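Here is how the chains run, residue by residue.
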Amino acid sequence: MKPIEILKEYFGYSSFRVGQAEIIEALISGQDVLGIMPTGAGKSICYQVPALCGSGVSLVVSPLISLMKDQVDALREMGIEAALINSTLSTYAYNEVMEGAKAGRYKLIYVAPERLESYDFVSLCEQLPLDYVIIDEAHCVSQWGHDFRPSYRGVSRFIESLPKRPVIGAFTATATPKVREDMLSLLRLQNPYTLTTGFDRPNLYFEVERPKHKLDATLNYLKKHQEESGIIYCSTRKSVDALYEKLLSKGIRVVRYHAGLSEHERGQNQEDFLFDKAQVMIATNAFGMGIDKSNIRYVLHYNMPKNMESYYQEAGRAGRDGVESTCTLLYASSDIMTNRLLIENAGLGVDLSLEYEKLNQMVDYCNTEGCLRNAILRYFGEQPTVLCDHCGNCNSEIAQQDITIEAQKILSCIKRMGERFGMVLVIDVLKGGNTQKIRQFGFQTLSTYGLMRDYSKEVIKEMMSFLIAEKYIALDGDKFPILRLAPLSYEVLRGQQPVNMRIALRIEDIAQAQDAERLPLDMELMSQLKQLRSKLAEDYHIPPFIVFSDATLNEMSQYYPTTQEEMLQISGIGGAKYEKYGKAFEIIIQNYVSEHQIEKPELIKPVKKEKSSSTLGDTLKKEVKKDSHLATYMMYQEGHALEDIAKERGLTRFTVENHLVKCVEEGLDIDLYQFMTPEQEPLIEAAIMQVGITLLKPIKEALPEEVSYTAIKLMIEKLKRCNKI
Ligand code: ADP
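Since we're looking at a predicted model, the values are computed, not measured.

*Asks:* Quick question: what am I supposed to make of the domain arrangement of the chain here?
*Replies:* By a widely used convention, the size of an interface equals the accessible area lost when the partners come together. Per the domain assignment, the segments making up the chain are domain 1 (3–196), domain 2 (204–379), domain 3 (400–510), domain 4 (523–596) and domain 5 (614–721). Each of domain 3 and domain 4 was reduced to a C-alpha centroid, and the two centroids are 56 Å apart.

*Asks:* Please explain helix α14 (residues 352–367) as it appears in this structure.
*Replies:* Owing to its 3.6 residues per turn, the α-helix aligns residues three or four sequence positions apart on the same side. Compared with the 22 Å implied by 1.5 Å per residue over 16 residues, the 23 Å span of α14 between its first and last C-alpha is a close match. Listing the buried residues of α14 in full gives Glu355, Tyr356, Lys358, Leu359, Met362, Val363, Tyr365, Cys366 and Asn367.

*Asks:* What is the right way to read unusual backbone geometry from this model?
*Replies:* Leaving glycine out, the prevailing phi sign among residues is negative, and the prevailing peptide bond configuration is trans. The backbone of Arg188 sits at a positive phi, close to 50 degrees, despite the residue not being glycine. Of note, Arg188 is situated in the loop between α8 (177–186) and β7 (193–196). Overall, Arg188 belongs to the partly exposed group, its relative accessible area being 44%.

*Asks:* Honestly, the packing of aromatic side chains in this entry has me stumped. Any pointers?
*Replies:* Remark: the centre distance and the inter-plane angle together describe each pair of aromatic rings, the angle taken between the planes. Applying the stated criterion across every chain yields a total of 15 aromatic pairs. On the numbers, 4.9 Å between centres and 70 degrees between planes, the contact of Phe421 with Phe441 is edge-to-face. Of the two residues, Phe421 sits in the loop between α16 (404–416) and α17 (423–431) while Phe441 sits in helix α18 (residues 436–441), which places them 20 residues apart along the sequence. A residue is classified by how much of its surface remains accessible, and Phe421, at 10% relative accessible area, is buried. With 5.1 Å between their ring centres and 70 degrees between their planes, Phe548 and Phe585 make a pair best called edge-to-face. Of this pair, Phe548 sits in the loop between α23 (544–547) and α24 (550–559) while Phe585 sits in helix α26 (residues 575–595), placing them 37 residues apart in sequence. This pair shows no difference in class: Phe548 is buried, exactly as Phe585 is. Taken together, the ring pairs connect Tyr540, Phe548, Tyr581 and Phe585 into an aromatic cluster. The ring of Tyr709 has Lys700 sitting right over it, with the charged end atom 5.7 Å from the ring centre.

*Asks:* What's the story with the pattern of salt bridges in this structure? I'm lost.
*Replies:* Opposite charge on two side chains permits them to pair, given that their charged atoms come into close proximity. For the structure shown, the criterion picks out 26 salt bridges. Across the salt bridge formed by Lys214 and Asp335, the nearest N and O atoms sit 3.1 Å from each other. Residue Lys214 is located in helix α9 (residues 214–224), and its partner Asp335 is located in helix α13 (residues 334–344); the two are separated by 121 residues in the primary sequence. Neither residue differs from the other here; Lys214 and Asp335 are each classed as buried. Here Arg256 makes a salt bridge to Asp241, at a shortest N to O gap of 2.8 Å. In this pair, Arg256 sits in strand β10 (residues 254–257) while Asp241 sits in helix α10 (residues 237–249), placing the two residues 15 residues apart along the sequence.

Conventions adopted
Residues numbered from 1 in each chain as written. Predicted model: local features only at pLDDT ≥ 70, side-chain atom pairs only at ≥ 80, totals over all residues. Heavy atoms only, no water. Domains from an automatic or database assignment. Helix = DSSP H or I, 4+ residues; strand = E, 2+ residues; numbered from the N terminus. Expected span 1.5 Å × (residues − 1). Buried < 20%, exposed > 50% of the residue type's maximum accessible area, 1.4 Å probe, protein only. Phe/Tyr/Trp six-rings, centres within 6.5 Å; stacked < 30°, edge-to-face > 60°. Lys NZ or Arg CZ within 6 Å of the ring centre and 35° of its normal. Salt bridge = Lys/Arg side-chain N within 4 Å of Asp/Glu carboxyl O.

Here is the structure:
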């Protein structure tokens, strides 16, 4: 079978994702591969498909027992013979796998790296027709990486001991230049085909919120995400426990995980979460390594993590199945202090100044006005050029609040207190508190005492953390940071520097309008399908997402497939899975459709990339079901006015305009002068060149009011096309 046929038959997918086809081709043609792709990009398929194409067997070296088990379970569900060898196997089971391997029963064998040093195993491998040796999580070979595993160093020795060198594939999600060098040299890859697909995870929506009350904000958040699986990360065990109790008392199905719990409780809680018995996992950063649960719909950070690496790794556990997922960070100034303490207490061997620098960069992320996704990508060394339009900042209007007077009061109070104290005491003085410390230092006599009596403590704290982040206030000392004036403070105190604090106002209706245009999910059907999935998962002792992923259930509840042919068109349903589970789902959908007299939408899958399609018009017609902006474009091409398109399609005018911008981004043409006058054109160009394209708002402000955001966006695309930006 050809790779694309294997993809359809076993995995139930109709096209390869970015990079997959190239890697598969390289491996099959006998070339080593180094694949650096972000979590959820689909690395497994890159080696599983070649393994199925080959006549022999493939060995997959994997560092985590739980990952191995999930992978092997998932393969077996798809009708692929696979086995694992690690320390959890009994002698009996081990012998059985060895016998099976000799008899040529398996296409893939997963092994822990330590096993490659065992005499037994090495002599087995000498007899096996090994097509590929795949090294998963290949960064473990490097000391520069975060999960160095000494036994990975033995992999190349093992390979050299084999009678015939198999093709080697190394895969990882993280690789700084140093780690990459190590992988190439220590794994002795030969002239490998190297592919880096970048760090972006387009299906993740990033946002930073600054709620006054984190608990209330969390409860609201969970209301919006009812019935969905999610993780809440807190920075300490204590806060995990506190939040856990609170959510439990509200009747939320929640479990927790941190190093202070017994191994038994941790294991049980993890399993409950994996099997969807618990909806929410509250955890410290101890949770997550080796968790391959694909249907995590959100990751909420109750506290800011200590650096961007941790943040992206933890947030990145959302949406492995490619379905839209949200990563929300609840930021508060107190998180800075907590992290400083955690860094301080991390023990010997920690480069403190480096850790503080990383913490500062994390704080910068929380305070940035720019595109959050771009901030992340830049941190990891990429140079994104467009705004993502899919994060909290791109989708919010940032309002500015002039807090110059308040800043002067705060700064002056810090100065009068002798620049010797932390935030808590400064706030107490500004609020006019009557504490022992205030009396002890005689602060009740200061002119700034009680100067901000009318503000809540939280508001003062927010302002101060903003002033710290923007370097109006300096922090000194590590464990209990002291507030001092900074060079900028004096400019503010002299009235030479206004201070504007950002308040993000979310434009909820943009998100809603964009949601409305997608083919809706039938939530009632969805809940029946989920019930069936849970039941089957229980019967077969596998996690629900291995039966079918969320993406697959979503499609079922959009297209109502009721025949085998229709079922096989749904993403994620291959032959074996259809045989095993398809019918049960089909029956539920059939009943549902007739009971509710549903008129099914036409089931049209995206056109396969391999086949060249006849005309642009044909392609458009086929793709419109999935790509709403193309439907808008077709109406636009037919000469309909934008208002009419909006009305006809039940969208807002704003969404229609955004659709057209997207079409232009994808290389289609539209008439610019419908959106700007010829006189405005050079003005817009000049404003863009002058202000840059990090944010649209400053460009808009530099132009006459009648110039629309759409005009600016279109102009940016035009300038990009002629390589001016
Ligand atoms: P990674 O190992 O890179 O984190 P996985 O291999 O676990 O990612 O893949 C993530 C998810 O994407 C899985 O649910 C997988 O089935 C799905 N997937 C992979 N390739 C494709 C594809 N070509 N089409 C649709 N879904 C895919």
